[in-house]
Each structure stands twice: as structure tokens, then as C-alpha cells.
Amino acid sequence: MAAPCASLTDEAANHDPNNNIMITKEIFPYPNTNVKSTVWKYFGFLKKNEGPATKANLDMTYAVCRLCFKKYANKGNTTNFKNHIGSEHPGESSNKAPNQSTISNYVGSTPKGKISPERQKNIDDALAKLVAGKMLPVSIVDNKYFISHRL
């Protein structure tokens, strides 16, 4: 059984009208261990039935933020969850994957001056594979943007 990671004490929790005690609900992780999105580190689900934290026993229609306990409809994608983390908890997570390249990795990184014949051959081979593999027109090398970044 997966261990709960947070408790919910806001409007999504049960309220006991007799003595005004808030009854907390546990937030359980996504039941599938093979999830690809990192947002599931920040979102979980409330239980709807007794028993182990499986899809059958969790309320999968809403996901709850573990940081602020806000509920979001779970419609099968994680876009709203990512937007919530980015806007409400910006210090918590970067939206880019750990090994994801950024444009700054490439802009301005071209070496100035002469390059070795071996490097030129590698660049030529890579360009030929790109044009052939993506079925790009060979005229791409005449494009003004391509020319401006040529070595």
C-alpha cells in the first residue's frame, strides 16, 4: 500500500458539524508507478473507498495539490497541473525535463575561426543526415537563416 504524503484540511475535507472538528483526508500518490510526468510529485488523489490506494479506491476525477491542497479536474492530461505548479509554486519545479536542451545551449555556441577537417566532416555528415532523414529540400542551405549560422 502506498503511503500518503499529505493531509487535506480545506473545503475538500469533511467537516463534522457537531463539534467543528476538521477531519483530514490523506492525499495518495498516483497509483501507477510508471508515470512519466513530474507533476505527480506535487499532485495526488483522495480516497473514495476503503482499502488499498488503487485506481478503484481513489477518486481519480480530481487531483489535489500537495502544497496548497487546491483541487483540479483530472481530465487525462497534466497541462493544468504544470501551469498550477509554475504559477502558484514557481520555486518548486522547473517545467523542463532534467536532460532537456534549451535554445541557449545552441545560440552563440558556434566556434569562431577555423575548425579542424575532422569537425567539418562531422558537421557535413550531420547536415546530410538531417536533410535526408527529415526529407528536407536541399535548398535549405540557401536559406538566409541557415547561411547566417554557417561556420
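Further up the page is the structure itself.
The structure contained in this document is the topic of the report that follows. Here the structure is a predicted model, which means the values were calculated and not measured. (Residues numbered from 1 in each chain as written. Predicted model: local features only at pLDDT ≥ 70, side-chain atom pairs only at ≥ 80, totals over all residues. Heavy atoms only, no water.)

**Considering the environment of Thr-78**
- Within the secondary structure layout, Thr-78 lies in the loop between strand E7 (71-73) and helix H1 (79-88).
- Taking the relative accessible area as the measure of exposure, Thr-78 reaches 16% and is therefore buried.
- Leave out the neighbours within four places in its chain, and Thr-78 touches Ser-37, Val-39 and Trp-40. (Helix = DSSP H or I, 4+ residues; strand = E, 2+ residues; numbered from the N terminus. Buried < 20%, exposed > 50% of the residue type's maximum accessible area, 1.4 Å probe, protein only. Contact = heavy atoms within 4.5 Å.)

**Regarding the pairing of strand E6 (residues 62-65)**
- Bridge analysis of strand E5 (residues 43-44) against E6 gives 2 bridges, and the strand direction is antiparallel. Paired with Phe-43 across the strands is Cys-65, a residue of E6.
- Here 3 bridges tie E6 to E7, and the two strands are oriented antiparallel to one another. Opposite Tyr-62, over in E7, you have Ala-73 as the bridge partner.
- Between the antiparallel neighbours E6 and E7 lie 5 residues, among them Phe-69 with a positive phi of about 65 degrees. (Pairing = 2+ DSSP bridges.)

Keep in mind these values describe shape, not function.
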